[in-house]
Amino acid sequence: MEKLIPRTSRRLAVVINYGAILLFLVCFYLAGRIGWNVPVAASVVTAILVALITFFSLHVRTKLWKLVHTKVENLDERELQVTHESLRYAYGIFTVISLLVLLVIALLTPQWDSLLILIFASLLYLAHTLPSSVIAWREKDY
């Protein structure tokens, strides 16, 4: 039987996991700018190891990974509600972060790349209209 992990510990694991991913990206970026050296390489390896350890202890050990990757027809009503809410929040957060990254890249590009700004605006529109477009496309009577 799997041991349950308290919510505060799970939350800490989430923060550590995403922090390790962010550290990995920053160190990899620095390596491209200043070159690879022992501290940068050690930081990259450490970040990867921490990300992997927290991934397995948080997502695999708790079976949360399996829960959110299970087919809808194999979930009970409670699991369906939990996964629906998590996906709704997750994709909303993902959309905001992705669009902010794109906006920052567009704004930091020399001479403000107007095409990137238009892509940002179009993706923002898509993020807000895609859910209702899926309903319009799939549902018989709406």
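### Focus: the overall build of the chain
When helices and strands are counted, the chain shows 5 helices and 0 strands. Mapped from its N terminus to its C terminus, the chain presents α and β elements in the order α-α-α-α-α. Whereas a compact globule of 142 residues would reach a radius of gyration of roughly 14 Å, the chain reaches 20 Å, over 25% beyond that. Dimensions of the chain, computed from the C-alpha atoms along their principal axes, are close to 55 × 50 × 20 Å.

### Structural notes on the side chain of N17
Note on placement: N17 falls in helix α1 (residues 7-34). Assessed through its relative accessible area of 8%, N17 is described here as buried. A distance of 2.9 Å separates a polar atom in the side chain of N17 from the backbone oxygen of A51. Here N17 is in contact with A51, T54 and F55, once residues within four sequence places are set aside.

### Regarding the nonpolar core
The nonpolar side chains of soluble globular proteins are, as a tendency, buried together. Within the largest apolar cluster, 5 residues are counted, these being L99, L102, A106, L116 and F120. Among the secondary structure elements, those contributing two or more residues to this core are α4 (77-108) and α5 (114-138). With 3 residues, the top contributor of residues to this core is α4. The contact partners of L102, leaving out residues within four places of it in the chain, are L116, I119, F120 and L123.

### Focus on the pattern of salt bridges
Per the counting criterion, the structure on display carries 1 salt bridge. R88 is paired through a salt bridge with E85; the nearest N and O atoms lie 3.1 Å apart. Taken together, the residues span about one helical turn, with R88 and E85 both in helix α4 at a distance of 3 residues. On the basis of relative accessibility, which here comes to 47%, the residue R88 falls in the partly exposed class. The partly exposed category is assigned to E85, whose relative accessible area is 29%.

### Regarding helix α2 (residues 38-60)
Compared with the 33 Å implied by 1.5 Å per residue over 23 residues, the 31 Å span of α2 between its first and last C-alpha is a close match. If you check which residues of α2 are buried, you get V40, V44, A47, A51, T54 and L58. Its buried side turned inward, α2 meets α1 and α3 (64-68). The N-cap residue of α2 is N37: its side-chain oxygen and the backbone nitrogen of V40 are 2.9 Å apart.

### Quick notes on α1
With 28 residues, α1 should reach 40 Å at 1.5 Å per residue; the first-to-last C-alpha distance of 40 Å fits that figure. For α1, every residue scored as buried is listed here: A13, N17, A20, C27 and A31. On its buried face, α1 sits against α2. Positive backbone phi, approximately 95°, marks G35, located one or two places after α1.

### Regarding unusual backbone geometry
Positive phi values are uncommon outside glycine, yet K63 reaches one of about 65°. K63 gets classed as partly exposed once you look at its relative accessible area, which sits at 46%.

Calculation notes
- Residue numbers restart at each chain and count upward from 1, following the sequence in its written direction.
- In keeping with the model being predicted, local features are shown solely for residues with a pLDDT of at least 70 and side-chain atom pairs are shown and tallied solely at 80 or more, while totals for entire chains, interfaces and linings include all residues.
- The side-chain quantities take in all heavy atoms of the structure and omit both hydrogens and water.
- Secondary structure elements are taken from DSSP: a helix is a run of H or I of four residues or more, a strand is a run of E of two residues or more, and numbering for both begins at the N terminus.
- Note that the radius of gyration is over C-alpha atoms, with the globule rule given as 2.2 Å times the number of residues to the power 0.38.
- Partly exposed describes any residue whose relative accessible area lies between the buried limit of under 20% and the exposed limit of over 50%, with all areas from a 1.4 Å probe on protein chains only and scaled to the type maximum.
- Two N or O atoms count as a polar contact when they lie within 3.5 Å, although within protein this holds only if one can serve as hydrogen donor and the other as acceptor, and sequence-adjacent residues are included solely when both atoms are side-chain atoms.
- We call two residues in contact whenever any of their non-hydrogen atoms come within 4.5 Å of each other.
- Joining through side-chain atoms within 4.5 Å is the link that ties buried Ala, Val, Leu, Ile, Met, Phe, Trp, Tyr and Cys residues into a set, and such a set is a nonpolar core.
- Salt bridges are identified by distance alone: a Lys or Arg side-chain nitrogen within 4 Å of an Asp or Glu carboxyl oxygen.
- Here a helix's expected span is defined as the number of its residues, less one, multiplied by 1.5 Å.

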